[in-house]
Amino acid sequence: MAEGAVVADDPRVSELREAVSRLRRALAGHPAPLPDRDAAEEELAALDAMAREGAPELSRLRRSLLLVAGAVGSVSALSQSLTAVHQAVDNFAPPKDAP
């Protein structure tokens, strides 16, 4: 297995899928119209698909996170769920003390 490879039973994958699911539910239940709701929903679906594949690429995760944050970032009712997704994505980054 390649260094840094992620296996499907990796707890980071489960955490990402759970965080994405929570944000998807929060977004679906948010009553206010959001101009970029469709973009956020598409990127959340992409994040979930990457997690289901079991080996998400950090740069793609971060790109999706940036798009979701841009779409819903100013909605305080979604901030806690968005933060959880952000933290789950950050778990895929190499340790800070790694070369």
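The notes below deal with the structure included here. Bear in mind the structure is a predicted one, so any value in this text is a computation, not a measurement. (Residues numbered from 1 in each chain as written. Predicted model: local features only at pLDDT ≥ 70, side-chain atom pairs only at ≥ 80, totals over all residues. Heavy atoms only, no water.)

Okay, the pattern of salt bridges next. Under the counting rule described, the total for this entry stands at five salt bridges. Notably, a salt bridge pairs Glu43 with Arg60, separated by 3.4 Å at the nearest N-O pair. Residue Glu43 is located in helix α2 (residues 37-53), and its partner Arg60 is located in helix α3 (residues 58-72); the two are separated by 17 residues in the primary sequence. Taking relative accessible area as the criterion, Glu43 reaches 12% and is therefore assigned buried. Exposure remark for Arg60: the relative accessible area of 28% places this residue in the partly exposed category. One connected set of salt bridges, linked through shared partners, spans Arg17, Arg24, Asp48 and Arg52. (Salt bridge = Lys/Arg side-chain N within 4 Å of Asp/Glu carboxyl O. Helix = DSSP H or I, 4+ residues; strand = E, 2+ residues; numbered from the N terminus. Buried < 20%, exposed > 50% of the residue type's maximum accessible area, 1.4 Å probe, protein only.)

Quick look at helix α1 (residues 11-29) now. The end-to-end C-alpha distance of α1 is 27 Å, a good match for the 27 Å that 19 residues give at a rise of 1.5 Å each. Looking at α1, one finds that the buried residues are Val13, Leu16, Ala19, Val20, Leu23 and Leu27. Buried positions in α1, seen along its axis, are confined to an arc of 130 degrees and lie on one side of it. What points out from α1, more than 90 degrees from its buried face, is the exposed set Pro11, Arg25, Ala28 and Gly29. Packing partners of the buried residues in α1 comprise α2, α3 and α4 (79-90). (Expected span 1.5 Å × (residues − 1). Arc of directions from axis to C-beta. Contact = heavy atoms within 4.5 Å.)

Here we come to the side chain of His30. Residue placement: His30 occurs in the loop between α1 and α2. Apart from residues lying up to four places away in sequence, His30 is in contact with Arg37, Val75, Ala77 and Leu78.

That's the geometry; what it means functionally is another story.
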